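# Remarks on the overall topology
Spelled out from the first residue to the last, the chains are:
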Amino acid sequence: MRIPKLSALPAFLRLWFVLFFSYLLIKFVFNLIVLDWIDLRRAALQELLVLPLGQSVVFWLITWRRRAATTAPPPTV
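Sequence order as written defines residue numbering, which begins from 1 separately in each chain. Under the rules for a predicted model, residues below a pLDDT of 70 receive no local features and side-chain atom pairs below 80 are neither given nor counted, while totals for whole chains, interfaces and linings still include all residues. Only hydrogens and water are set aside when side-chain values are computed; all heavy atoms of the structure are taken into account.

Attention now moves to unusual backbone geometry. Backbone phi values are negative for most residues with the exception of glycine, while trans is the configuration of most peptide bonds. One non-glycine residue, Asp-36, lies in the positive phi region at around 65°. Along the chain, the position of Asp-36 falls in the loop between helix 1 (8-35) and helix 2 (42-71). Helix and strand definitions follow DSSP, with helices as H or I runs of at least four residues and strands as E runs of at least two, each counted in order from the N terminus.

What follows is the structure in structure tokens.
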């Protein structure tokens, strides 16, 4: 497995933060409107952290080849 460049880490953290914030907002609104309460159990709070992290990793791995292909030097003849 290739270690990402240092400049890729902030981009990954931004991706995780966007997914975390959107998931938190959607879950909060859904719980308030549908369930009429906010779930603050440990499992629910861990889900808030782990689910966006998993989504970020999957998205990062899917787009890794495209990013690597665009940054690769042109072939020499």
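This brings us to the packing of aromatic side chains. A pair of Phe, Tyr and Trp rings is counted when the ring centres sit within 6.5 Å of each other, with Trp represented by its six-membered ring. The angle between the planes then sorts it: under 30 degrees is stacked, over 60 is edge-to-face, the rest tilted. In this structure the tally under the stated criterion is three aromatic pairs. Aromatic pair Phe-12 and Trp-60: ring centres 5.5 Å apart, planes at 80°, arrangement edge-to-face. One end of the pair, Phe-12, is in helix 1; the other, Trp-60, is in helix 2, and 48 residues separate them in sequence. Judged by centre distance (5.1 Å) and plane angle (10°), the rings of Trp-16 and Phe-20 are stacked. Taken together, the residues span about one helical turn, with Trp-16 and Phe-20 both in helix 1 at a distance of four residues.

Further remarks concern helix 1. Every α-helix winds through 3.6 residues per turn, so residues three or four apart in the chain are directed the same way. An ideal rise of 1.5 Å per residue puts 40 Å on 28 residues; helix 1 measures up with 39 Å between its terminal C-alpha atoms. The buried label applies to any residue whose accessible area, calculated with a 1.4 Å probe on protein chains only, is under 20% of its type's maximum; exposed applies above 50%, and partly exposed to all values in between. All of the buried residues in helix 1 are Ala-8, Phe-12, Leu-15, Phe-20, Tyr-23, Lys-27 and Asn-31. Downstream of helix 1 by a residue or two, Asp-36 has a phi angle that is positive, lying close to 65°. The span expected for a helix works out to 1.5 Å for each residue beyond the first.

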